[in-house]
Amino acid sequence: MPTLIVTTHPDPDSLTHHLAQRLAQELRSTSDPAGVEVADLAAEGFDPRYTRADRHTYRVGGDFTPDVAAEQERLDRATDLVLVFPVYWWSTPALLKGWFDRVFVNGWAFGLDADGGIVRKLDRLRVHLVPIAGDDAGVYDRHGYEQAMRTQLEHGIVDFCGARRGVTIFLHDSEGEDADARTRAVEAAVEAVVAAIRA
């Protein structure tokens, strides 16, 4: 089961990167090490800007730019996609949003049939989400932030493209002072994602 872990944080010493590396380490320790790839979109310099070329790709359902085609090929090799990202303004970072905008497009992630209906193309892919949140779970519950993010990502992207939902694990209070609680939360998230991938 090849797994692609995608992370989007500019600081390589961040909790986001730590969790992604722990997850990769755990998956590699019990399965084919070559079957786990970590994509650090910030370090790789992925350009999230949606350009006229991207608009053309969307309209014609193909003619992908080389950087987008490379991301699609990487995803085509995976059975499981794990997105590990910090929550910025109750959503994904702009880098991850731009990755969705440019990569998950007409002609690859979905298409249109002769009647104009949606053809969902990513049924081979299972998507797991690990948002890393600065606030505690109570704030997310009171304001509906978790449900809003789940609707946006699970329904608006995963379901729309026909991919299968994996687990969604929010790691709350990531900026709190309790380092032991943060370590336990990281390990619990890793354990949950690994179990879902192996299921």
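Conventions used here
- Residues numbered from 1 in each chain as written.
- Predicted model: local features only at pLDDT ≥ 70, side-chain atom pairs only at ≥ 80, totals over all residues.
- Heavy atoms only, no water.
- Helix = DSSP H or I, 4+ residues; strand = E, 2+ residues; numbered from the N terminus.
- Rg over C-alpha atoms; globule rule 2.2 N^0.38 Å.
- Buried < 20%, exposed > 50% of the residue type's maximum accessible area, 1.4 Å probe, protein only.
- Contact = heavy atoms within 4.5 Å.
- Pairing = 2+ DSSP bridges.
- Axes fitted to C-alpha atoms, helices over the stretch in contact; angles between N-to-C directions.
- Phe/Tyr/Trp six-rings, centres within 6.5 Å; stacked < 30°, edge-to-face > 60°.
- Lys NZ or Arg CZ within 6 Å of the ring centre and 35° of its normal.
- Expected span 1.5 Å × (residues − 1).
- Arc of directions from axis to C-beta.
- Polar contact = N/O pair within 3.5 Å; in protein donor to acceptor, adjacent residues only side chain to side chain.
- Parallel < 35°, antiparallel > 145°, perpendicular 65-115°, else oblique.
- Left-handed = near helix turned anticlockwise from the far one by under 90°.
- Nonpolar A, V, L, I, M, F, W, Y, C, P; charged D, E, K, R; others polar.

**Q** If you had to explain the overall build of the protein to someone new, which residues and values would you point to?
**A** Helix and strand content of the protein: 8 helices and 7 strands. In terms of overall size, the protein behaves like a compact globule, its C-alpha atoms giving a radius of gyration of 17 Å where 199 residues would be expected to give roughly 16 Å. For the protein, the spread of C-alpha atoms along the three principal axes comes to 55 × 40 × 30 Å. The buried share of the protein, taken over its 199 residues, is 46%. Long-range contacts, defined here as pairs at least 24 residues apart, represent 76% of the contacts in the protein between residues at least 6 apart.

**Q** Give a detailed account of the sheet that holds strand S7 (residues 164–168), specifying residues and quantitative values.
**A** Working definition: the strands of a sheet are paired by backbone hydrogen bonds and lie parallel or antiparallel to each other. Strand order in this open sheet of 5 strands is S2-S1-S3-S6-S7, and the pairing throughout is parallel. The outermost strands of the open sheet, each flanked by one partner alone, are strand S2 (36–40) and S7. With strand direction ignored, the average angle separating the axes of adjacent strands in the sheet is 20°. Of the pairings in the sheet, the one linking strand S3 (residues 80–86) to strand S6 (residues 126–132) comprises 7 bridges and is parallel in character. The residue bridging valine 84 from the neighbouring strand is valine 130, located in S6.

**Q** Run through the packing of aromatic side chains, naming residues and quoting values.
**A** The full count for this structure, using the stated rule, is 10 aromatic pairs. Judged by centre distance (5.6 Å) and plane angle (85°), the ring pair of phenylalanine 104 and tryptophan 108 falls under edge-to-face. Of the aromatic side chains, those joined through ring pairs into one cluster are Trp90, Tyr140, Tyr145 and Phe170. The ring of phenylalanine 160 has arginine 120 sitting right over it, with the charged end atom 5.4 Å from the ring centre.

**Q** Mind laying out helix H8 (residues 179–198), listing which residues take part and the relevant values?
**A** Taking 1.5 Å of rise per residue, the 20 residues of H8 would be expected to cover 28 Å, and the 29 Å separating its terminal C-alpha atoms lies within 8% of that figure. Every buried residue belonging to H8 is among Val186, Ala189, Val190, Val193, Val194, Ala196 and Ile197, and all of these are buried. Buried residues of H8, seen end-on, are gathered within an arc of 165° and therefore sit on one face of the element. Within H8, the exposed residues directed more than 90 degrees away from the buried face are Asp180, Arg184 and Glu191. The opening residue of H8, the one whose side-chain oxygen lies 3.2 Å from the backbone nitrogen of aspartate 180, is aspartate 178.

**Q** Explain the packing of helix H1 (residues 15–30) against H8 to me, using residue names and the numbers behind them.
**A** Contact pair H1 / H8: the axes reach a minimum separation of 10 Å and the direction vectors enclose 45°. Relative to H8, the element H1 lies oblique. In this structure, H1 meets H8 at a crossing whose hand is right-handed. Residue-level inspection shows Leu15, His18, Leu19, Arg22, Leu23, Glu26, Leu27 and Thr30 of H1 in contact with H8, the latter providing Arg182, Val186, Glu187, Ala189, Val190, Val193, Val194, Ile197 and Arg198. Of the residues assigned to the contact of H1 with H8, the class counts are 10 nonpolar, 2 polar and 5 charged.

**Q** Give me the lowdown on the environment of valine 186, citing residues and values where you can.
**A** Here valine 186 shows up in helix H8. As a C-alpha pair, valine 186 and histidine 18 span 168 residues in sequence and 8.7 Å in three-dimensional space. Non-local contacts of valine 186, meaning those with residues more than four positions away in its chain, are made with Leu15, His18, Leu19 and Leu171.

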